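Structural overview
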Amino acid sequence: MRVAVIGAGVIGLSSALCIQEQFQSLLPSLELEVYADHFTPHTTSDGAAGLWQPYLSDHGNLQETLWNKETFDHLLGQLHSPAAKEMGLFLISGYNLFREQPPDPSWKNIVLGFRNLTPKELELFPGYSHGWFNTALMLEGRSYLPWLTNRLTQRGVKFFHKKVESFQELFSQGVDVVLNCSGMRSGDLQPDPELQPGRGQIIRVLAPWVKHFIITHDLKSGIYTSPYIIPGSEFTVLGGIYQHGNWSEENSAKDHKSIWDSCCQLLPALQKAKIVGEWSGLRPARPSVRLERESIRLGNLQAEVIHNYGHGGFGLTIHWGCAMAAARLFGTILQEKKQLATPPGPRL
Amino acid sequence: MASPKVAVVGAGVIGLSTALCITETCPSCSVTVLSDQFSPNTTSDVAAGMLIPHIYPDTPIHRQKQWFQDTFTYLFAISNSAEAAEAGIHLVSGWQIFKSPPKEELPFWSDIVLGLRPMSEAELQKFPQHRFGQAFTTLKCDCPPYLLWLEKRLKAAGTQMYTRKVADLWELHREYDIVVNCTGMGAHQLVGDKQLFPVRGQVLKVHAPWVTQFIRDGDGLTYIYPGIHRVTLGGTREKGSWSLFPDADTTRDIFDRCCSLEPSLQGAQDIEVKVGLRPSRQCVRVQRELLSQGGIKLPVVHNYGHGAGGFSVHRGTAKEAAHLVEECISALQGSSSRAKL
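Conventions used here
Residue positions are counted from 1 within each chain, in the order its sequence is given. Chain A is the first chain written and ligand 1 is the first ligand written, with later ones labelled in order. Totals for whole chains, interfaces and linings use every residue, but because this is a predicted model, local features are given only for residues with pLDDT of at least 70 and side-chain atom pairs only at 80 or more, for both listing and counting. Working from all heavy atoms in the structure, the side-chain values ignore hydrogens and water. Here, a salt bridge means any side-chain nitrogen of Lys or Arg that lies within 4 Å of a carboxyl oxygen of Asp or Glu. UniProt positions are given in the numbering used here, feature names are shortened, and annotations may be inferred rather than shown by experiment. Secondary structure elements are taken from DSSP: a helix is a run of H or I of four residues or more, a strand is a run of E of two residues or more, and numbering for both begins at the N terminus. A contact between two residues is defined here by any heavy atoms of the two lying within 4.5 Å. Accessible area that two parts lose when put together, evaluated with a 1.4 Å probe and summed over both, is termed the buried area. Throughout this description, a polar contact denotes any pair of N or O atoms lying within 3.5 Å of each other; where both atoms belong to protein, one of them has to be capable of donating a hydrogen while the other can accept it, and for residues adjacent in sequence the pair is counted only when both atoms sit in side chains. We define the nonpolar core as a collection of buried residues of types Ala, Val, Leu, Ile, Met, Phe, Trp, Tyr and Cys that are connected through side-chain atoms lying within 4.5 Å of one another. We call a residue buried when its accessible area falls under 20% of the maximum for its residue type, exposed when it is over 50%, and partly exposed in between, using a 1.4 Å probe and counting protein chains only. A pair of cysteine sulfur atoms is labelled a disulfide when the two atoms are within 2.5 Å. The criterion for strand pairing is that DSSP finds at least two bridges linking the strands in question. For helices, the fitted axis covers only the stretch in contact; all axes are lines through C-alpha atoms, and the angles between them, taken along N-to-C directions, range from 0 to 180 degrees. Pairing of aromatic side chains requires ring centres within 6.5 Å, counting the rings of Phe and Tyr and the six-membered ring of Trp. Pairs whose planes differ by under 30 degrees are stacked, by over 60 edge-to-face, and all others tilted.

**Quick notes on the pattern of salt bridges**
This structure, assessed with the given rule, holds 39 salt bridges over all chains. For A:Glu123, the salt bridge identified is with A:Lys120, shortest N-O distance 3.6 Å. B:Asp142 is paired through a salt bridge with B:Lys140; the nearest N and O atoms lie 2.9 Å apart. Through salt bridges with shared partners, a single ionic network connects A:Glu21, A:Arg151 and A:Arg155.

In structure tokens, the structure reads:
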């Protein structure tokens, strides 16, 4: 049973790991392969700051909120394990700021210690009238992806550095199931007008005195269009760009200035921070995550694709819940192909 | 008295902040700092610099609260300014945890730090041996940066600083009109204060930049305080010990205790061991004294004995000491005008 995962960002690697962990022992013939044109540190997941935080609202997509919660709880359980440091996983507290009263977020009961800001705390952020404080998690892609890669390699998963041009290409080589975790490039494999880039740009600085994340919000102009500051283990990320439909991965001087000026206004001490890098990436945005099976007829064969893409700016936040769901879909496929009596794992 | 000459003895956080307050309240004063040690070799440099007050048994609570409030307000403003990074002042959030619920559910300073509230059940799960805790945000003064920043402000105000061991306050009476004694543990010898005793503290300063939250056991013995570049792991409270030498068994013990609260510290690098003697007293001595010898008078303002709470109250006691210096100046001017008659 050959399973090919397309994409080696957080979604591809974690989906591969879930499937490997759940099915390898039950299905000795399972051969997992990962195909990607980019590997860490060159994936979208590597550029992201790594803060666990969903968008403010799930727009009625309760399933996504459940996947977010599953991810948070899973990571929280890993915090005290010896692997945490290597995974790039740690606790972090911080502030979400608003210029008007916001509705409670979908994740208020998932994070730790969620509360409104006191008047004294709001003094730190002139111009913002409301805000939240909570403790969440950081999962740095630059550490997490190598950690996932090591685990997969240890378990015999093979990696191939190539750009897959079509699902057919893999099926004609004898692959039985394809996991489409190709993020922004899914449209190249199968047109999807709902998948659009949400272009972001960030500046990396050295500001080790900043111990909290600070995310400001402009409820009218949308997510990540307002400055944010996210401290990591090696540098601090300054951002605040979300451009729907912009495919450019070049850094823009105009965006640089906008990020720099707005973040320095938020935290004046940043003016003294040393800039150590800049990066642009495309959030694979979609009205909802596409996580579903698709059966493709190829001659007299039924080929199976499991789509798992369109995680926008919350891929790290939702990845584990999605990987588990993808693994369940895989289990169903195995059951149908009579490879398994019943799929493993708890029934949801 | 046109330009009173004030000598501040001691260049830890108390000496430097007191000198700075004096330049603010008395711009016409000529202030000189004298100390045998400057940063990075003071007791203050060993401390983590967390703003979490220590309780002085014999100082009225309202006075301790005022000192803490003054200090917090002062540092809060710096943390919010462009100078925060240079001054080494930053906000840090975290938890104070207790194995058994504390006597007072709310400490006297709970409305001064930010957002203090009881920890939720979910948060307490991180600490299976602890039953109760408080989550809050407070400030941290990283040293050497904070002391160096104070020195820079002092130089800008025209203050001279000299490395000099003062063995007797009377050495200073010819050159200076008023002496301010901020010698911390040195006061034991310098003014013979037998109520002052050392409480030895050993700490580890480690590289663990993924630790963003502070954790403090309510017993005050085990703590993890993330600073700008290093995390301070502590500690010990050895009353009456004068040893400044690191103890290897203590190092192991501190590391183990901290790892049990924060397992990821196992991966900490570059462990540096430091020792400081907290200059402890039942109450902080902020007091005027008129020394007298062979008809000569020497006004002294004492500001020492802050024990484990130096950073938490430094600005508040510095302001009080500066007011006492003003009183000394008035008294000198009064007596000098009398002398003219």
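Continuing now.
**A closer look at the UniProt feature "domain: FAD dependent oxidoreductase" (unreviewed entry) in chain A**
Per the UniProt record, the feature "domain: FAD dependent oxidoreductase" (unreviewed entry) sits at residues 2-329 of chain A. The annotated region residues 2-329 of chain A carries 29% helix and 30% strand content, and the separation between its end C-alpha atoms amounts to 16 Å.

**A look at the interface of chain A and chain B**
The interface of chain A with chain B comprises 26 residues on the first partner and 33 residues on the second. Where chain A abuts chain B, roughly 2,800 Å² becomes buried across the two surfaces, and 64% of that area is made up of carbon and sulfur atoms. The largest contributions to the chain A side of the interface with chain B come from A:His80, A:Lys85 and A:Lys211, which together make up 23% of the buried area. Linking chain A with chain B are 0 salt bridges. The interface formed by chain A and chain B holds 7 residue pairs in polar contact (both at pLDDT 80 or more) in total. Per element, the largest residue contribution to the side of chain A that touches chain B is 5 residues, and it comes from strand 3 (residues 89-98) of chain A.

**Let's talk about the nonpolar core**
In this structure, A:Tyr144, A:Leu179, A:Ile230, A:Phe330, B:Ile224, B:Leu233 and B:Leu265 are the most contacted members of the largest nonpolar core, which totals 101 residues. Among the elements that line this core, the one with the most residues is helix 10 (residues 315-336) of chain A, at 11 residues. Sequence-distant contacts of B:Leu265, that is, excluding residues within four places in its chain, are made with B:Val206, B:Ala208, B:Val211, B:Ile224, B:Leu233, B:Phe255, B:Cys258 and B:Cys259. A:Leu97, B:Leu20, B:Tyr146 and B:Leu150 belong to the second largest nonpolar core, which has 96 residues in total.

**A word on the state of the cysteines**
Under the defined criterion, the tally for this structure stands at 1 disulfide over all chains. Each sulfur in the disulfide pair B:Cys26 and B:Cys29 lies 2.2 Å from the other. Its S-S torsion of approximately 80° makes the covalent link between B:Cys26 and B:Cys29 right-handed. Taking the relative accessible area as the measure of exposure, B:Cys26 reaches 9% and is therefore buried. B:Cys29 gets classed as buried once you look at its relative accessible area, which sits at 11%. The thiol of A:Cys181 is unpaired, and the distance to the nearest cysteine sulfur, on A:Cys322, comes to 9.5 Å. Residue classification places A:Cys181 among the buried positions, given a relative accessible area of 6%. Left unpaired, B:Cys21 is separated from the closest cysteine sulfur, that of B:Cys182, by 10 Å.

**Let's talk about the side chain of A:Gln201**
All names here are of chain A. Assignment of secondary structure puts Gln201 in strand 8 (residues 196-206). Taking the relative accessible area as the measure of exposure, Gln201 reaches 0% and is therefore buried. Among the polar contacts listed, one links the side chain of Gln201 to the backbone nitrogen of Ser252, at a separation of 2.8 Å. Separated by 2.9 Å, the side chains of Gln201 and Glu278 make a polar contact.

**Some thoughts on the sheet that holds strand 1 (residues 2-6) of chain A**
Backbone hydrogen bonds hold the strands of a sheet together, and the pairing may be parallel or antiparallel. Residue and element names in this part refer to chain A. Spatially, 6 strands are ordered 6-2-1-7-15-14 in an open sheet, and the strand pairing comes out mixed. Strands at the two margins of the open sheet, each flanked by one partner only, are strand 6 (158-161) and strand 14 (290-298). Neighbour to neighbour, the strand axes of the sheet diverge by 20° on average, direction disregarded. Note: strand 14 against strand 15 (residues 301-309), 9 bridges, orientation antiparallel. Following the sheet pairing, Arg297 is matched in strand 15 by Gln302.

**Some points on the packing of aromatic side chains**
Residue and element names in this part refer to chain A. This structure, assessed with the given rule, holds 23 aromatic pairs over all chains. On the basis of an interplanar angle of 75° and a centroid distance of 5.1 Å, the ring pair of Phe23 and Phe330 is categorised as edge-to-face. Placement of the pair is Phe23 in helix 1 (residues 10-23) and Phe330 in helix 10, with a sequence separation of 307 residues. According to the relative accessible area criterion, Phe330 is buried, its value standing at 0%.

**A word on the sheet that holds strand 2 (residues 30-35) of chain B**
Residues and elements named next belong to chain B. Spatially, 6-2-1-7-15-14 is the arrangement adopted by the 6 strands of the open sheet, whose pairing is mixed. Edge positions in the open sheet fall to strand 6 (160-163) and strand 14 (285-293), since each of these has one partner strand only. In this sheet, adjacent strand axes meet at a mean angle of 20° when their direction is disregarded. Direction of pairing for strand 1 (residues 5-9) relative to strand 2: parallel, over a ladder of 5 bridges. The residue bridging Val9 from the neighbouring strand is Leu34, located in strand 2.

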